[in-house]
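# Analysis of the macromolecular model
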Amino acid sequence: MNPFVSFLASPAGRIVRIVAGIALIVWGMWGIGGTTGLVVAIVGLVPLVAGIFDFCVLRRFLEHR
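What comes next is a walk through the structure. (Residues numbered from 1 in each chain as written. Predicted model: local features only at pLDDT ≥ 70, side-chain atom pairs only at ≥ 80, totals over all residues. Heavy atoms only, no water.)

Our focus in this paragraph is the overall build of the protein chain. Per the secondary structure count, the protein chain includes 4 helices and 0 strands. The secondary structure elements of the protein chain, listed N-terminal to C-terminal, are α-α-α-α. By principal-axis analysis of the C-alpha atoms, the protein chain measures approximately 40 × 20 × 15 Å. Classification of the 65 residues of the protein chain by burial places 22% in the buried group. Intrachain contacts of the protein chain at a sequence separation of at least 6 include 51% that bridge at least 24 residues. As displayed, the protein chain has an accessible area near 4,600 Å², and 74% of this comes from carbon and sulfur atoms. (Helix = DSSP H or I, 4+ residues; strand = E, 2+ residues; numbered from the N terminus. Buried < 20%, exposed > 50% of the residue type's maximum accessible area, 1.4 Å probe, protein only. Contact = heavy atoms within 4.5 Å. Areas by Shrake-Rupley, 256 points an atom, 1.4 Å probe, with all protein chains shown as cover.)

Structurally, Ile52 is set in helix α3 (residues 34–52). Residue Ile52 is classed as partly exposed on the basis of its relative accessible area, which comes to 44%. Expressed as a C-alpha distance, the spacing of Ile52 and Ile15, which sit 37 residues apart in the sequence, is 8.6 Å. Ile52 has contacts with Arg14 and Ile18, leaving out every residue within four places of it along the chain.

With respect to the helices and strands, Arg17 occurs in helix α2 (residues 11–32). Arg17 sits in the buried class, given a relative accessible area of 8%. When sequence neighbours within four positions are dropped, the list of residues in contact with Arg17 reads Leu8, Pro47, Leu48, Ala50, Gly51, Asp54, Phe55 and Cys56.

Here the focus is α3. When the terminal C-alpha atoms of α3 are compared, their 27 Å separation across 19 residues agrees well with the 27 Å that a helix rising 1.5 Å per residue should span. Among the residues of α3, Gly37, Val40, Ala41, Gly44, Leu48, Ala50 and Gly51 are the ones counted as buried. Packed against the buried residues of α3 are α2. A positive backbone phi angle near 55 degrees is found at Asp54, which sits one or two residues after α3. (Expected span 1.5 Å × (residues − 1).)

All right, on to the pattern of salt bridges then. As enumerated under the stated definition, the model contains 1 salt bridge in all. Residue Arg17 is joined to Asp54 by a salt bridge in which the shortest nitrogen-to-oxygen separation is 3.5 Å. Of the two residues, Arg17 sits in helix α2 while Asp54 sits in the loop between α3 and α4 (59–63), which places them 37 residues apart along the sequence. (Salt bridge = Lys/Arg side-chain N within 4 Å of Asp/Glu carboxyl O.)

This is how it looks when you write it as structure tokens:
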């Protein structure tokens, strides 16, 4: 298994995904604002939800390389 995928599958990787998602949401809503900020915040939902529910969106693409 790819070392990066192994990290993302670990508890530490899960925490990193959650923190990154929260950071993107906060940055999008309060740092950027407007339509661009909303888009960044919505993109931030992906790693946040992935961390909360413990699945990796990129795993499928990274394992086959």
